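Here are the chains, one letter per residue:
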Amino acid sequence: MFKKPIKVQTQSLMRRSDARKFKELVKITFNLKSEQQEQELTNLLGPKAVPIRCELQQHESEIYFIDKQPLFFKPDRHSSLVPTVYALFAIPSLLPKIPIYGPVFQYIAGGADLMLPGVVLENNQISSLGQFKKGDLRCVIAHGTNIPLAVGIMQVNSQSLRPDKMKGKAMIILHFFEDYLWQLGSREFPESLNMTIKETNSSLTPTTISTSTSTSTPTSTSTPTTPTTSSTPTPTSSTSISISTPTSISISTPTSISISTPTPTSTTPTSTPTSTPTPTTSSTPTPTSS
């Protein structure tokens, strides 16, 4: 949904009475009842909330910012609240989760919806996904982690699924990690998730391989006085390959990695002798016979 830059039409600061109503709306929409959930919501929603209405693909959407962070949005005027990835970082229990295989996220990041073959079934059981019906909101996570990657609307009923017939569309993606809605926020992970992200990063994106070529150039060339064939030293090229795992997940995940090592350019020595001395011919005296 937020695959293109967002055009902001109007923005207005909520009054305190509206902010309290908004907090109650979040509690009711996502059925937040436990003390922990209420505490997480209190920590998430500050005293000020700035709603921003933006037009996207001929539909009017509302985005709700708290402390410059996009936390909730409505796909259109008549839709219910949808949490962003930032809100799910703060309150993981906002939405039930659908686990996917790590490499599947590269297709979501490329703009595709989630297909059923990409969904992970624990012990090959549909019941591991919980109960849901078409139209329910769900959060997408990487299998084996609790990291929210995307939010979408289910396109199937859990009761109609069969482990041996996982084909078709599972979810329409509304928002995903590092889309244009994500870019309106801080683009940071909470500290509690940093270690988990580093450990699972390799399953989400390929390892970044960077190559650097350094060329050493000779400063001067000296030619001996004895006539010898002078060869220009060839610059030595040393290529170092460093492998680094990114600290954050990239949305543009290539399906294949091609590494091209730059060819070192030939370097002309800075000082080249203009002429080579000609060896002097010495005459050897003939010995006299006595």
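Conventions and cut-offs
Residues numbered from 1 in each chain as written. Predicted model: local features only at pLDDT ≥ 70, side-chain atom pairs only at ≥ 80, totals over all residues. Heavy atoms only, no water. 1 Å grid on protein atoms, 1.4 Å probe; cavity = no way out; pocket = protein on both sides within 12 Å on 5 of 7 lines; lining within 4 Å. Points joined across faces, edges and corners; volume = space filled by probe spheres on them. Helix = DSSP H or I, 4+ residues; strand = E, 2+ residues; numbered from the N terminus. Nonpolar A, V, L, I, M, F, W, Y, C, P; charged D, E, K, R; others polar. Buried < 20%, exposed > 50% of the residue type's maximum accessible area, 1.4 Å probe, protein only. Pairing = 2+ DSSP bridges. Core = buried A, V, L, I, M, F, W, Y, C linked by side-chain atoms within 4.5 Å. Contact = heavy atoms within 4.5 Å. Salt bridge = Lys/Arg side-chain N within 4 Å of Asp/Glu carboxyl O. Axes fitted to C-alpha atoms, helices over the stretch in contact; angles between N-to-C directions. Left-handed = near helix turned anticlockwise from the far one by under 90°. pLDDT = per-residue confidence, 0-100.

## A word on the layout of surface pockets
When its volume is computed, the largest pocket comes out at roughly 220 Å³. What lines the largest pocket is a set of 11 residues, and nearest its centre among them are Leu44, Gln69, Leu71, Tyr86 and Ala90. At the level of secondary structure, the elements contributing two or more residues to the lining of the largest pocket comprise strand E4 (69–74) and helix H3 (85–90). In terms of residue count, H3 provides more of the lining of the largest pocket than any other element does, three residues in total. Residues belonging to the lining of the largest pocket are distributed by class as follows: seven nonpolar, two polar and two charged.

## Focus: the environment of Phe189
The topology assignment puts Phe189 in the loop between strand E10 (169–176) and helix H5 (191–204). For Phe189, a relative accessible area of 13% puts it in the buried group. Through-space distance from the C-alpha of Phe189 to that of Ile147 is 10.0 Å; in sequence the pair is 42 residues apart.

## Some points on the pairing of E10
Of all eight residues in E10, six are buried; the element is thus mostly enclosed. Relative to E10, strand E7 (residues 114–115) is paired through two bridges, and the arrangement is antiparallel. Across the sheet, the residue bridging to Met115 is Lys169, located in E10. In this structure, strand E9 (residues 148–154) lies alongside E10, joined through five bridges in antiparallel fashion. Counted as the bridge partner of Val151 is His175 from E10.

## Notes on the nonpolar core
If you look at the biggest cluster of nonpolar residues, it comprises 63 residues, and the most contacted ones within it are Phe22, Phe72, Ile108 and Leu114. Phe22 has contacts with Met14, Leu45, Tyr64, Ile66, Phe72 and Leu81, leaving out every residue within four places of it along the chain.

## Description of empty space enclosed by the protein
Following the criterion strictly, the structure yields one cavity of 30 Å³ or more and no others. Lining the largest cavity are Ile98, Leu116, Val119, Leu129, Phe132, Met154, Val156, Leu161, Met166 and Ala170. Looking at the lining of the largest cavity residue by residue, the classes come out as 10 nonpolar, no polar and no charged.

## With respect to the pattern of salt bridges
The tally for this structure, following the rule as stated, stands at four salt bridges. Across the pair Lys27 and Glu24 runs a salt bridge, and its minimum N-O distance is 3.9 Å. Of this pair, Lys27 and Glu24 both sit in helix H1 (residues 16–29), separated by three residues, roughly a single helical turn. With relative accessibility at 18%, the residue Lys27 sits in the buried group. Under the relative-accessibility criterion, Glu24 is labelled partly exposed at 40%.

## Description of the packing of H1 against helix H2 (residues 35–44)
Orientation of H1 relative to H2, taken along the N-to-C sense of each, is 140°, at an axis distance of 11 Å. Considering only the axes of H1 and H2, their crossing is right-handed. Between H1 and H2, the residues in contact are Lys23, Val26 and Lys27 and Glu38, Leu41 and Thr42, respectively. Counted by class, the contact of H1 with H2 contains two nonpolar, one polar and three charged residues.

## Looking at the confidence of the model for the protein chain
Residues with a pLDDT of 70 or more make up 60% of the protein chain, whose mean pLDDT is 73. Across residues 202–290, where pLDDT falls below 50, the model places 95 contacts with residues more than four positions away in sequence or in other chains.

## What to know about the sheet that holds strand E6 (residues 97–100)
What the five strands build is an open sheet, ordered E6-E8-E9-E10-E7; its pairing is mixed. Two strands lie at the open edges of the sheet, namely E6 and E7, each paired on one side alone. Strand direction decides the pairing type here: strand E8 (residues 137–142) and E9, joined by five bridges, are antiparallel. Looking across to E9, one finds that Arg138 is bridged to Gly152.

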